[in-house]
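Summary of structural features
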Amino acid sequence: MTRYLLKLSGEALGGDAGIGIEPQVLKHYCDEIEAAVREGIQLAVVLGGGNLFRGAHLAQAGMDRVVGDRMGMLATIMNGLALNDFLRRRGIASRLFSAVAMAGMVDGYQRDTAQAAMDSGEVVILTGGTGNPFFTTDTAACLRAVELGVDAILKATNVDGVYSADPKKDPAAERFQHITYQQVLEQELAVMDLTAIVLCKENALPLVVFDASESRTLTRLAAGEQVGTRVDDDEAVS
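About the thresholds
Counting restarts for each chain, with residues numbered from 1 along the sequence as it is written. Predicted model: local features are reported for residues with pLDDT of at least 70 only, side-chain atom pairs are reported and counted for 80 or more only, and whole-chain, interface and lining totals are derived from all residues. Values shown for side chains rest on all heavy atoms present in the structure; no hydrogens or waters enter the calculation. Site definitions follow a grid-based scheme: protein atoms alone, a 1 Å grid, a 1.4 Å probe that fits but cannot get out for cavities, and for pockets an open set with protein on both sides within 12 Å along at least five of seven lines, plus lining residues having an atom within 4 Å of a point. Grid points are joined across faces, edges and corners, and a volume is the space filled by probe spheres set on the points. Runs of H or I in DSSP of at least four residues are treated as helices and runs of E of at least two as strands, each being numbered from the N terminus. Under this grouping Gly is polar, as are all residues other than the nonpolar Ala, Val, Leu, Ile, Met, Phe, Trp, Tyr, Cys and Pro and the charged Asp, Glu, Lys and Arg. A pair of strands counts as paired when DSSP detects no fewer than two bridges linking them. When the centres of two rings from Phe, Tyr and Trp lie within 6.5 Å, Trp using its six-membered ring, the rings pair. Their planes under 30 degrees apart give stacked, over 60 give edge-to-face, and anything left gives tilted. Charge-over-ring placement is defined geometrically: NZ (Lys) or CZ (Arg) within 6 Å of the ring centre, and within 35 degrees of the ring normal. All axes here are fitted lines through C-alpha atoms, helices being fitted over the stretch that makes contact, and every angle between N-to-C directions spans 0 to 180 degrees. Orientation labels follow simple angle bins: below 35 degrees gives roughly parallel, above 145 gives roughly antiparallel, 65 to 115 gives roughly perpendicular, and whatever is left gives oblique. Left-handed describes a crossing in which the near helix is turned anticlockwise from the far one by less than a right angle; the clockwise case is right-handed. The contact criterion used throughout is that any non-hydrogen atoms of two residues lie within 4.5 Å. In what follows, salt bridge is the name for a side-chain nitrogen of Lys or Arg lying within 4 Å of a carboxyl oxygen of Asp or Glu. For each residue, the accessible area found with a 1.4 Å probe, counting protein chains only, is set against the maximum for its type, and the residue is called buried under 20%, exposed over 50%, and partly exposed in between.

1. What about empty space enclosed by the protein?
- Scanning the model with the defined rule gives two cavities of 30 Å³ or more in all.
- The calculated volume of the largest cavity comes to roughly 70 Å³.
- In this structure, the largest cavity is lined by Leu 6, Leu 8, His 28, Tyr 29, Glu 32, Ala 156, Phe 210, Ala 212, Glu 214, Thr 217 and Leu 218.
- No other element matches helix H2 (residues 23-38), which puts three residues into the lining of the largest cavity.
- Residue classes in the lining of the largest cavity are distributed as seven nonpolar, two polar and two charged.
- Quantified by volume, the second largest cavity comes out at close to 50 Å³.
- As for the second largest cavity, its lining consists of Val 46, Leu 47, Ala 99, Tyr 109, Leu 126, Thr 127, Gly 128, Gly 129, Ala 140 and Arg 144.
- Secondary-structure elements contributing two or more residues to the lining of the second largest cavity are strand S2 (42-47), strand S5 (123-127) and helix H6 (137-148).
- Split into classes, the residues belonging to the lining of the second largest cavity amount to six nonpolar, three polar and one charged.

2. Concerning the environment of Asn 132
- Locating Asn 132 in the fold gives a position in the loop between S5 and H6.
- Linking Asn 132 and Gly 228, residues 96 residues apart in sequence, is a C-alpha distance of 31 Å.

3. Re the sheet that holds strand S11 (residues 229-232)
- Ordered by their spatial adjacency, nine strands build an open sheet running S4-S3-S5-S2-S1-S6-S10-S11-S9, and the pairing between neighbours is mixed. With partners counted over all chains shown, the strands left at the sheet margins are strand S4 (107-108) and strand S9 (178-180), one partner each.
- Where strand S1 (residues 3-8) meets strand S6 (residues 152-157), five bridges bridge the pair, whose relative direction is parallel. Bridge pairing in S6 links Lys 7 to Lys 155.

4. Notes on the packing of aromatic side chains
- Tallied over the full model, the rule gives one aromatic pair.
- The cationic tip of Arg 89 hangs over the ring face of Phe 86; the distance from NZ or CZ to the ring centre is 4.9 Å.
- In this structure, Arg 144 is placed above the aromatic ring of Tyr 109, and the distance from its NZ or CZ to the ring centre is 4.0 Å.

5. Here we look at the packing of H6 against helix H8 (residues 194-202)
- Interhelical geometry of H6 versus H8 gives an angle of 15 degrees and a closest axis separation of 8 Å. One finds that H6 runs roughly parallel with respect to H8. Two packed elements cross with a definite hand, and for H6 against H8 that hand is left-handed. Of H8, the residues touching H6 (which contributes Asp 138, Thr 139, Cys 142 and Leu 143) are Thr 195, Ala 196, Leu 199 and Cys 200.
- Grouping the amino acids of the contact of H6 with H8 by side-chain chemistry returns five nonpolar, two polar and one charged.

6. Remarks on the pattern of salt bridges
- Using the criterion set out here, one finds 17 salt bridges in the structure.
- Across the pair Lys 155 and Asp 138 runs a salt bridge whose closest N-O atoms are separated by 3.1 Å. Taken together, the residues span a long stretch of sequence, with Lys 155 in strand S6 and Asp 138 in helix H6 at a distance of 17 residues.
- Of the residues examined, Lys 155 reaches a relative accessible area of 13% and is grouped as buried.
- For Asp 138, a relative accessible area of 11% gives the class buried.
- Of the charged contacts, one joins Arg 175 and Asp 160 as a salt bridge, the two residues approaching to 3.7 Å between their closest N and O atoms. One end of the pair, Arg 175, is in strand S8 (residues 175-176); the other, Asp 160, is in the loop between S6 and strand S7 (162-163), with 15 residues separating them in the sequence.
- Through salt bridges with shared partners, one network takes in Lys 27, Asp 31, Glu 34, Arg 38 and Arg 90.

Structure follows, in structure tokens:
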């Protein structure tokens, strides 16, 4: 597999505090992306915005959910601007898109344009979610992955794979090397939201969940190494 969509959470960009943008974390991600690009891996990146704003939280406090989600979309654009700047200053060709165009700041997402950029070796950074409220950036990642014809979605998290329970709360939690989408749905595992999981399942799109702090993950995956947990429709589970 040599064409990936990498999903990075906003909280991960905030470092240990999960707030703001931590330069060292951003540098780590750029190291990983640069290593992948140098190996000829085609890459798209979808960013969350939870380090800057979470619309669902303010919605619980009474804010209109649509307004909150729009503010969350703007947060993902801010993260995208930061990542794009870091990559370009390293000499890595990249293109920044948003589901909702902002004239003079970020181009609107067009599938064919983004696909052509990936084909030419540019890192495609996708922000603004789906452009609609009530959809998470996980769902946006799965949607863009299907549109762009990637080999797999790679989701960077703060744990080293998918577990039967929260490993931080349950020391007996079992870590899976491989699990099916159907098992994720039946066991209600917190991998991605329901809409995202169903979208991947319906399009037979593999998902790999791994520890964001690991090094050279993308190149190791491309070389066929076992990294994190693979989620797909293969019934052979280990």
